[in-house]
Amino acid sequence: MQSHFSTGLVWFRRDLRTDDNAALSRALACCDTVYCVFVYDKAILDKLPRQDRRVEFIQESVTALESSLQALRGHASRTLITLHDVAQSAIPELSKQLQASAVFAARDYEPAAVTRDTAVQQQLLAEGKQLVLVKDQVIFEEREVLTQTGKPYGVFTPYHRAWLARIGMELVPGHDVGRGNAVLSVAPDALAQPLPSLADLGFEATNLRALGMHGGSAAGEAMLQDFVGRMDRYSEARNFPSVKGPSYLGVHLRFGTVSIRKLVNLALQRVRTGSEGASVWLAELAWRDFYFQILANFPHVATQAFKPEYDAIAWEQGEEAEALFEAWCEGKTGYPIVDAAMAQLNQTGYMHNRLRMVAGSFLVKHLGLDWRWGEKYFALKLNDFDLSANNGGWQWVASSGCDAQPYFRIFNPVTQSEKFDGQGKFIKRYLPQLAGLSDKAIHAPWLAKPMELAAAGVQIGSNYPSPVVDHAKARARTLARYGFLKKSTDQAGTATEQ
Ligand SMILES: Cc1cc2nc3c(=O)[nH]c(=O)nc-3n(C[C@H](O)[C@H](O)[C@H](O)COP(=O)(O)OP(=O)(O)OC[C@H]3O[C@@H](n4cnc5c(N)ncnc54)[C@H](O)[C@@H]3O)c2cc1C
């Protein structure tokens, strides 16, 4: 395979930064001239609603990327070519126009991206050009951490141990982009169009800015710095949705406005000084890699259960099921912790991890709905939506995934609410109509005394819904629904509740 090219093209996708960027670094190292492009891919964008926080985040990130490339080049002329087109055909076309003999990009592991990249590669090969895909999004790819018999891991704990052992005592090496000013080229005049605005792309502004969220690597760095001071307390704080416990970096990881290696190295340095919080956070970053390798090694999970026997579950169907689904999507189930979680998702595009588990479990194990319905809704709404982690999370709550919770473990939404939002602070933030209820009543308002409800101005069935299902009955139905798995998996034992 050729290792030196006169002209190369860097195709930015989920790596919208210059710092520690593997594709950019590789292109700078082996080309005499390097062009850069970002494609607003119509194959993806045309399917999205016209207001989408992710598109706004990307648009801001692309603008910031252009500034970073100009800084790297040491010149304020247009460096990043942007296209609004179908990437699969636009990239080979552009490489022809630029006479680039190689296109460099960070490897993407999602099935649709793999199909697109294979098609691009074939078109380039037909022209005698190369598509050079490099690892950037993950610490270890799907064949890098394997069991002793050379198989992919399906259980997290031994994977995590092997993942840490593979990193060893060193920090994870980064990617140098120092040669930028010598090799980066300005965009040719014909392609040096102004960067498209949101309106140019056919999208409308969302509440992203009002939420204080910004795209771009400077915003990612600011968020990281904000978290660094909290990292040591992560293990205690991360479970309580009203507390600023997690990093909120998911969306920056999704679009590559932070480098995963930088995060892992920061965590590793803290772990080595004995920080429990850093160790737990590092494990979350390993979960991210874990689900990436699950999707890459077992691509059937994108549409089917990881454990095939779980595809035989008979989910609720029909009008009533659809009405329950709608109530869940809109945060009108009558269970405050679930409804507040859904309100957080709908209003901000973020949902706290504990609540993703509780709201997800509620959909599957209280409403009896197919986990894929919930997965699809999260995919539409989450700013940090990532097929591998979302699918892994949903298959975890549905018990159909690798290393998932056993099917007979059913989160009790009221107990979860009492445990993780004891004073109802989170609930009150998203369901202000319940703000007058006591710490005890807020978790299950339908059980409150009429006097307390009246004093708090809460009318069940009017300004707050009655519960759409009864917990005990729903639980019994779920145990029956999953019951046929008892023999085949031999995992049942005693039914437990969390
Ligand atoms: C049903 C369900 C759906 C989910 N969907 C997504 C999704 O679409 N995208 C996504 O990134 N995460 C998803 N998660 C995992 C997790 O909830 C989010 O990563 C986390 O809440 C993001 O917030 P944060 O950035 O503040 O995370 P932090 O707690 O600060 O963690 C740091 C990073 O570690 C990674 N991470 C943390 N937990 C997990 C996990 N369980 N699995 C994989 N990676 C993890 C993420 O990249 C996260 O940004 C899902 C979990 C569940 C239960």
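Residues numbered from 1 in each chain as written. Predicted model: local features only at pLDDT ≥ 70, side-chain atom pairs only at ≥ 80, totals over all residues. Heavy atoms only, no water.

Q: Hey, could you run me through the site of the ligand in this one?
A: Taken together, 26 residues lie around the ligand, and Tyr-234, Ser-247, Tyr-248, Gly-250 and Asn-353 are the ones closest in. In the model, an oxygen atom of the ligand is placed 2.8 Å from a nitrogen or oxygen of the Gly-250 main chain. Taken by itself the ligand offers 820 Å² of open surface, and the protein chains cover 95% of this. Those elements that place two or more of their residues in the shell around the ligand are helix H10 (250-255), helix H12 (276-297), helix H15 (353-366) and helix H17 (387-397). Take the shell around the ligand: its biggest share by element is six residues, from H12. Residues belonging to the shell around the ligand are distributed by class as follows: 16 nonpolar, five polar and five charged. Inspection of the shell around the ligand shows a minimum of three residues originating in each of domain 2 (138-174 + 217-297) and domain 3 (308-497). (Near = heavy atom within 4 Å. Polar contact = N/O pair within 3.5 Å; in protein donor to acceptor, adjacent residues only side chain to side chain. Areas by Shrake-Rupley, 256 points an atom, 1.4 Å probe, with all protein chains shown as cover. Helix = DSSP H or I, 4+ residues; strand = E, 2+ residues; numbered from the N terminus. Nonpolar A, V, L, I, M, F, W, Y, C, P; charged D, E, K, R; others polar. Domains from an automatic or database assignment.)

Q: I would appreciate a short explanation of the environment of Leu-184 in the present structure.
A: Position of Leu-184 among the secondary structure elements: in the loop between helix H7 (180-183) and helix H8 (217-228). Classification of Leu-184 as buried rests on a relative accessible area of 5%. Along the chain, Leu-184 and Thr-33 lie 151 residues apart, while their C-alpha atoms are 6.0 Å from each other. (Buried < 20%, exposed > 50% of the residue type's maximum accessible area, 1.4 Å probe, protein only.)

Q: Is there a simple way to explain the packing of aromatic side chains in this structure?
A: Geometrically, a pair of aromatic rings is defined through the distance of the ring centres and the angle of the planes. This structure, assessed with the given rule, holds 33 aromatic pairs. Between Phe-5 and Phe-104, the ring centres sit 5.9 Å apart and the planes meet at 85°, which makes this aromatic pair edge-to-face. Note that Phe-5 is positioned in strand S1 (residues 5-12) and Phe-104 in strand S4 (residues 102-106), a separation of 99 residues in sequence. Comparing Phe-5 with Phe-104, the two get one shared label, buried. Considering the side-chain rings of Trp-287 and Tyr-291, the 5.3 Å spacing of their centres and the 35° angle between planes classify their relative orientation as tilted. Pair noted here: Trp-287 and Tyr-291 are both in helix H12, with a separation of four residues, about one helical turn. Taking the relative accessible area as the measure of exposure, Trp-287 reaches 21% and is therefore partly exposed. Looking at Tyr-291, the relative accessible area reads 10%, which means it is buried. Taken together, the ring pairs connect Tyr-153, Phe-156, Tyr-159, Trp-287, Phe-290 and Tyr-291 into an aromatic cluster. One residue, Arg-50, lies across the ring of Phe-203, its end atom 4.0 Å from the ring centre. The ring of Tyr-482 carries Lys-365 above its face, with NZ or CZ at 5.7 Å from the centroid. (Phe/Tyr/Trp six-rings, centres within 6.5 Å; stacked < 30°, edge-to-face > 60°. Lys NZ or Arg CZ within 6 Å of the ring centre and 35° of its normal.)

Q: Teacher, can you tell me more about the pairing of S1 here?
A: Buried residues dominate S1, accounting for seven of its eight residues. Summarising the sheet, S1 and strand S2 (residues 31-41) pair through seven bridges and their orientation is parallel. Considered in S2, the bridge of Phe-12 is made with Phe-38. Crossover S1 to S2 through helix H1 (residues 22-30) is right-handed. One ladder, built from three bridges, connects S1 with S4; its direction is parallel. Bridge pairing in S4 links Val-10 to Phe-104. (Pairing = 2+ DSSP bridges. Right-handed = clockwise from strand over helix to strand, strands pointing away.)

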